[in-house]
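# Overview (structure and organization)
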Amino acid sequence: MTHKDKIILDKLPEHIAVIMDGNGRWAKKKGNSRIFGHTNGVTAVRETVEAAAELGVKFLTLYAFSTENWNRPKMEVDALMSLLVSSLHDETPTLLKNNISLAAIGDISRLTDKVAGRLTAAIEKTSHNTGLKLILALNYSGRWEILDAVNRIKADIAAGKLNTGITAELFSYYLNTKNMPDPELLIRTSGEYRISNFLLWQIAYTELYFTPTLWPDFRKEDFYKAIVDFQKRERRFGKTSEQLNQYEQTVNK
Ligand code: FPP
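Residues numbered from 1 in each chain as written. Predicted model: local features only at pLDDT ≥ 70, side-chain atom pairs only at ≥ 80, totals over all residues. Heavy atoms only, no water.

### Section: the nonpolar core
Counting residues in each nonpolar core, the largest one holds 42 residues, and the members touching the most others are Ile16, Leu60, Leu134, Ile187 and Phe223. With seven residues, the single largest contributor to this core is helix H3 (residues 74-97). Residues contacting isoleucine 16, with those up to four places away along its chain left out, are Val57, Phe59, Leu60, Thr61, Leu185, Ile187, Phe223 and Ile227. In this structure, Ala17, Tyr140, Met180 and Leu199 belong to the second largest nonpolar core, which totals 14 residues. (Core = buried A, V, L, I, M, F, W, Y, C linked by side-chain atoms within 4.5 Å. Buried < 20%, exposed > 50% of the residue type's maximum accessible area, 1.4 Å probe, protein only. Helix = DSSP H or I, 4+ residues; strand = E, 2+ residues; numbered from the N terminus. Contact = heavy atoms within 4.5 Å.)

### Focus on the packing of aromatic side chains
Tallying each qualifying case throughout the model produces nine aromatic pairs. Plain terms: the ring middles of tryptophan 26 and phenylalanine 36 are 5.7 Å apart, the flat faces sit at 25° to each other, and that makes the pair stacked. Here the residue tryptophan 26 occupies a position in helix H1 (residues 23-29), and phenylalanine 36 occupies one in helix H2 (residues 34-55), the gap between them amounting to ten residues. Tryptophan 26 sits in the buried class, given a relative accessible area of 8%. Geometrically, the ring pair formed by tryptophan 215 and phenylalanine 218 is stacked, given 5.0 Å between the ring centres and 20° between the ring planes. With respect to class, tryptophan 215 is no different from phenylalanine 218; both count as buried. One aromatic cluster is present, formed by Tyr63, Tyr140 and Phe198 through successive ring pairs. (Phe/Tyr/Trp six-rings, centres within 6.5 Å; stacked < 30°, edge-to-face > 60°.)

### Quick notes on the layout of surface pockets
Taken as a whole, the largest pocket spans an internal volume of roughly 1000 Å³. If you trace the largest pocket, you find 43 residues lining it, with Met20, Asn23, Tyr63, Ala64 and Phe65 closest to the centre. Looking at the lining of the largest pocket, the elements that each hand over two or more residues are H1, H2, strand E2 (59-66), H3 and strand E4 (133-140). In terms of residue class, the lining of the largest pocket is made up of 22 nonpolar, eleven polar and ten charged. (1 Å grid on protein atoms, 1.4 Å probe; cavity = no way out; pocket = protein on both sides within 12 Å on 5 of 7 lines; lining within 4 Å. Points joined across faces, edges and corners; volume = space filled by probe spheres on them. Nonpolar A, V, L, I, M, F, W, Y, C, P; charged D, E, K, R; others polar.)

The values reported here are purely geometric and, on their own, carry no functional implication.
Spelled out as structure tokens, the structure:
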């Protein structure tokens, strides 16, 4: 029995977020360059996207490039960008075939014209698809996103467009993830126990899943395993176990 058979399909998380980590260490273990690790990470991206689409997950957000990643050696940054450009080119037909639509979060304005162009083209081409929404976090950081929201709220207040109190719901509307549910599950590979500035606002109630598997080794089975683990947990949202059981009994009457 594989982990896939243990997944309860009508209790799937709607939104899964992934911190893809460990490409560099994977390559080093093989005596190769960090860039080799990133190139092999693309296979894991493909497997994860396919697994999510096949299961019927609605949103999958991948942390592909953080704001902090600009601090890496120029050669590595360039390699990551050209990997993105070639992947967008190679994989768009597969996205179309599988009814997947692409979106991006992050400060896209700092990406080169070539990367931004390919990205926008792929987003437009897939915009009519109704299956999985694949969101790439590019030049993204949670603190940047929150400050960006605050500044846009400030501008709207100054322009007289906003004169109500700021609720959590209104604030969410100013985030890059507007109209998306918060992730129920966040997966991080490579045995690191950190959030690294990813989706800080959105993960308030998210279940965290950490695996020692290095990203280039991550396969469908690892993805299924994370979902099975998630489904065994009880999500309480600050309530007691008893309150939740009472609620379930009322709903199931
Ligand atoms: C972290 O590993 C990984 C990244 C910073 C980039 C992730 C990019 C890919 C998987 C390739 C292309 C992506 C798409 C969407 C086509 P690391 O370099 O931090 O590894 P380390 O912690 O072992 O050094």
